[in-house]
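Structure assessment
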Amino acid sequence: METIYFKGNACHTYGLMPRAGKEAPCFTLTSKDLAEVRCTDFAGRKIVLNVFPSLDTPVCAASVRRFNEEAAKRPDVTVIDVSMDLPFAQQRFCAAEGIDNCIVASAFRSPMFGQEYGLQIVDGPLAGLLARAVIIIDEDRKVIYADLVEEITNEPDYEAALSML
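This text gives an overview of the structure that appears in the document.

Criteria and cut-off values
Residues numbered from 1 in each chain as written. Predicted model: local features only at pLDDT ≥ 70, side-chain atom pairs only at ≥ 80, totals over all residues. Heavy atoms only, no water. Core = buried A, V, L, I, M, F, W, Y, C linked by side-chain atoms within 4.5 Å. Buried < 20%, exposed > 50% of the residue type's maximum accessible area, 1.4 Å probe, protein only. Helix = DSSP H or I, 4+ residues; strand = E, 2+ residues; numbered from the N terminus. Contact = heavy atoms within 4.5 Å. Patch = residues over 30% accessible without salt bridge, like charges linked within 9 Å, V, L, I, M, F, W, Y side chains within 5 Å. Areas by Shrake-Rupley, 256 points an atom, 1.4 Å probe, with all protein chains shown as cover. Salt bridge = Lys/Arg side-chain N within 4 Å of Asp/Glu carboxyl O. Pairing = 2+ DSSP bridges. Arc of directions from axis to C-beta. Axes fitted to C-alpha atoms, helices over the stretch in contact; angles between N-to-C directions.

1. Remarks on the nonpolar core
In terms of nonpolar packing, the biggest core is built from 30 residues, with L49, I80 and F113 touching the most fellow members. At the level of secondary structure, the elements contributing two or more residues to this core comprise β1 (3-6), β5 (46-51), β6 (77-83), β8 (133-137) and β9 (143-148). In contact with L49, other than residues within four places in its own chain, are F27, I80, V82, F113, Y117, A133, V134, I135 and I137.

2. Focus: a nonpolar patch on the surface
A cluster of nonpolar residues, L34, L86, F88 and F108, forms a patch on the protein surface that exposes about 350 Å² of accessible area. Looking at the secondary structure, you find F108 in the loop between β7 (103-106) and α3 (111-116). Classification of F108 by relative accessible area gives partly exposed; the value is 33%.

3. Re the pairing of β9
Here β8 pairs with β9 via five bridges, running antiparallel. Bridging from a neighbouring strand, I136 pairs with Y145 of β9. Counting the residues between successive antiparallel strands, the hairpin from β8 to β9 contains five residues, one of them, R141, with a positive phi of roughly 65°.

4. With respect to the pattern of salt bridges
Counting across every chain of the model gives eight salt bridges. Two residues, K73 and E70, come together in a salt bridge whose shortest N-O distance is 3.5 Å. Between E70 and R74 there is a salt bridge, with the nearest N and O atoms lying 3.9 Å from each other. Overall, the relative accessible area of 22% leaves R74 in the partly exposed class. Via salt bridges that share partners, R66, E70, K73, R74 and E159 belong to a single interconnected network.

5. Regarding helix α2 (residues 87-97)
Buried within α2 we find P87, Q90, F93 and C94. Angularly, the buried residues of α2 cover 120° about the axis, an arc narrow enough to put them on a single face. Facing away from the buried side of α2 by over 90 degrees, the exposed positions are R92, A95 and A96. Taken together, the buried residues of α2 touch β3 (28-31), α1 (58-72), β6 and β7.

6. Looking at the sheet that holds β6
Spatially, seven strands are ordered β4-β3-β7-β6-β5-β8-β9 in an open sheet, and the strand pairing comes out mixed. Only two strands of the sheet have a single partner each, and these edge strands are β4 (36-38) and β9. Taken over all neighbouring pairs, the strand axes of this sheet differ in orientation by 30° on average, direction set aside. The pairing of β6 with β7 spans four bridges and is classified as parallel. Along β7, the bridge assignment pairs D81 with V104. Sheet contacts for α2: β3, β6 and β7; angle to β7, the most-contacted strand, approximately 160°.

Have a look at this one:
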């Protein structure tokens, strides 16, 4: 169990987030067009998992915009923005914001994603959603960077994450 904060109030996650040096759990998520997004689809590529509660919050939307900009500069990296938002909402957001350099994927069909990555919030007002984290996985599916943002209303440390690429 990890402890994070929402507006200063402690809440917890199911399990522990994978640490650097460990093998990343494989995943199956749902893309904005309802297709499956699998970890095996990106064999031989670095993956940035930008995980957050919902696109309907300013901080989450800002992180998707920032990683979309960065992804355009890095053709050898795949950025996957993961939340529990439904694919229909993700599609609307991407169309409105011009998000086309990353993959936006939902864990709504895949509760094991949040559990295996230790990011499913289990108590507090955001229970059932995903915590804010950035996880970078190398070409061999090893975690090379893992940052669980302690205060969920804060943006991730972009510079620290991007320096790992």
